[in-house]
Amino acid sequence: MQKQLNIVLFGPPGAGKGTQSEGIINRYHLTHISTGDLFRKHLGEGTALGQEAQKYMDHGKLVPDKIVIGMVEEKISTTPDTNGFIFDGFPRTVHQAKALDQLLESIKVSITVMISLEVPEEELKTRLRLRAKTSGRTDDQDDGKILTRINEYREKTLPVASYYDQQDKLVGINGVGSIDKIFDMVCEVLDPKFELT
Ligand code: AMP
């Protein structure tokens, strides 16, 4: 077994990736890489990368692969000592997934498992409309943007699940229910990999 364990937390917008990430990071001491959070940080700091990303984020569209991959590469290369990474909201295209495999290969590690949080579309829309009231995120604020994000997911991101399935790394988890119950199911998958059982 490799020393570093790397997890992809996968699912549509509103599936609960951010919420479940918090629990996973605390339990397994992983380095969190959320590309959405990184973009929002750049935006807040007014960097050139943030301004470029904003053009896409404001419309609910995916930011071009080249920009996303460069940002993740920078984060990985500046985090030398870690138990592993949890990738949250990345990869979102098959091209990104292939680039991530190559990046990890260059440091002699790989993705251990992809956890896919499964939530029906109607439930996602309800959650995102609710989140809009408190998140302050412009891309939660109108139905058009929410629909664009769900469509982007369906067209460009869903094939990423098949990519990991072909490598026998995909585990689907029902993302509807209490946060604690879903977390228990996540731990059932991850504990054996981290030898915490
Ligand atoms: P999130 O916080 O993961 O919902 O991401 C918010 C927005 O950031 C998305 O709607 C995209 O515009 C952009 N984004 C985040 N991660 C990626 C990614 N891996 N590929 C392309 N765009 C991304």
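Our subject is the structure listed above.
Residues numbered from 1 in each chain as written. Predicted model: local features only at pLDDT ≥ 70, side-chain atom pairs only at ≥ 80, totals over all residues. Heavy atoms only, no water.

One pass over the full model with this rule turns up 14 salt bridges. Across the pair Lys-61 and Glu-152 runs a salt bridge, and its minimum N-O distance is 3.7 Å. Taken as a pair, Lys-61 in the loop between helix 3 (48–57) and helix 4 (65–77) and Glu-152 in helix 7 (residues 143–166) lie far apart in primary sequence, 91 residues in all. As a salt-bridge pair, Lys-125 and Glu-122 come within 3.2 Å of each other at their nearest N and O atoms. Here the residue Lys-125 and the residue Glu-122 both occupy positions in helix 6 (residues 121–135), the gap between them amounting to three residues, near one helical turn. Overall, the relative accessible area of 14% leaves Lys-125 in the buried class. Within the structure, one salt-bridge network assembled from shared partners comprises Arg-131, Arg-137, Asp-139, Asp-140 and Arg-149. (Salt bridge = Lys/Arg side-chain N within 4 Å of Asp/Glu carboxyl O. Helix = DSSP H or I, 4+ residues; strand = E, 2+ residues; numbered from the N terminus. Buried < 20%, exposed > 50% of the residue type's maximum accessible area, 1.4 Å probe, protein only.)

By nearness alone, 15 residues border the ligand, and Thr-35, Arg-40, Lys-61, Arg-92 and Gln-96 come closest of all. Measuring from an oxygen atom of the ligand, one finds a side-chain N or O atom of Arg-92 at 3.0 Å. Between the ligand and the protein, one listed contact pairs an oxygen atom with a side-chain N or O atom of Arg-137 at 3.1 Å. For the ligand, the protein covers 96% of the area, taking 480 Å² as the surface of the free molecule. Of the residues forming the shell around the ligand, the biggest block, four residues, is contributed by helix 2 (residues 35–45). Partitioning the shell around the ligand into residue classes produces six nonpolar, four polar and five charged. (Near = heavy atom within 4 Å. Polar contact = N/O pair within 3.5 Å; in protein donor to acceptor, adjacent residues only side chain to side chain. Areas by Shrake-Rupley, 256 points an atom, 1.4 Å probe, with all protein chains shown as cover. Nonpolar A, V, L, I, M, F, W, Y, C, P; charged D, E, K, R; others polar.)

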